[in-house]
Amino acid sequence: MRKQIAAANWKMNLTIEQGIKLTDDLLSENIELQDHQEVIFGVPFPYLISIKEKIKSYKNYFVAAQNCYFQKAGAYTGEVSAEMLTSVATDYVIIGHSERREYFNENHQMLAEKINLCFENDLKPIFCCGEPLSIREANEQNGYVENQLKESLFHLTDKQLTGFVIAYEPIWAIGTGKTASSAQAQEMHAHIRNVMAAKYNNEVAESISILYGGSVKANNAKEIFGEKDVDGGLVGGASLNAAEFATIIKSLKTISR
Ligand code: 13P
């Protein structure tokens, strides 16, 4: 089975004390992950070292940064490079979250450059895509998401995309309590996989983990993650509660032994 992932995105929440307590509470649940399952903590930059230290002895637990800069290094006061993230043992980087596209004017080209820098520095990107409400209402979501993939990913090689991680996050479902139905999620995830298969091939497309994000909660994760092309979730609000996130982790697809 391809990787099934429960990824937390803390966004700009929690102090370090609160973040450590949340991580300790979650780890104390002792959720043993199967080989194909991963848990990722997407934490603010200043917490990466501490949270990595907490999780590093746990199998298949990883940390993600929520962003990196699209230039290698230099006079960019306040920015954080991919190389810096690698130097503090970061595993993944969330790239192109809709909040960054919207509030920080990140465009397709910048995201493509960030992804290249991730690969150059042995970081795994989690590439976010997803449409706003107006596009969904006009039923133009398939073309919209396809264009996001084309503009930021289509320069990559088969090898780079094998085992790659994409997060589909419909903007109208983020932080609104309004989830896409599991059928809507499945439909878009299958579309994303088809787009990747058409540009690359079936083998590459089948290896890509496609996470759903947007109001994933303890009480809807199992149904959404149960869909054939949904390989877990990128979770905001509900990842700030240890018991809730633990239930979400336990909702990942398992291989019966
Ligand atoms: P919520 O789970 O709070 O809707 O946020 C989703 C998200 O943006 C994760 O990146």
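What this report covers is the structure whose coordinates are included nearby.

About the cut-offs
Residues numbered from 1 in each chain as written. Predicted model: local features only at pLDDT ≥ 70, side-chain atom pairs only at ≥ 80, totals over all residues. Heavy atoms only, no water. Buried < 20%, exposed > 50% of the residue type's maximum accessible area, 1.4 Å probe, protein only. Helix = DSSP H or I, 4+ residues; strand = E, 2+ residues; numbered from the N terminus. Arc of directions from axis to C-beta. Contact = heavy atoms within 4.5 Å. Polar contact = N/O pair within 3.5 Å; in protein donor to acceptor, adjacent residues only side chain to side chain. Near = heavy atom within 4 Å. Areas by Shrake-Rupley, 256 points an atom, 1.4 Å probe, with all protein chains shown as cover. Nonpolar A, V, L, I, M, F, W, Y, C, P; charged D, E, K, R; others polar.

### Focus on helix H12 (residues 242–249)
- Those residues of H12 that fall on the buried side of the exposure criterion are Ala 242, Phe 245, Ala 246, Ile 248 and Ile 249. Relative to the axis of H12, the buried residues are bounded by an arc of 160 degrees and lie together on one face.
- Packed against the buried residues of H12 are strand S1 (4–9), helix H1 (16–27), strand S2 (37–42), helix H11 (221–225) and strand S8 (232–235).
- Its side-chain oxygen placed 3.1 Å from the backbone nitrogen of Ala 243, Asn 241 serves as the N-cap of H12.

### Description of the site of the ligand
- Every one of the 13 residues lining the ligand counts as a neighbour, but Lys 11, His 97, Gly 175, Ser 215 and Gly 237 are closest to it.
- The separation between an oxygen atom of the ligand and a polar side-chain atom of Glu 169 is 2.9 Å.
- Gly 237 has a polar backbone atom sitting 2.8 Å from an oxygen atom of the ligand.
- Contact with the protein chains covers 97% of the free accessible surface of the ligand, which is 310 Å².
- Looking at the shell around the ligand, its residues break down into four nonpolar, seven polar and two charged.

Treat this as a map of the structure, not an account of what it does.
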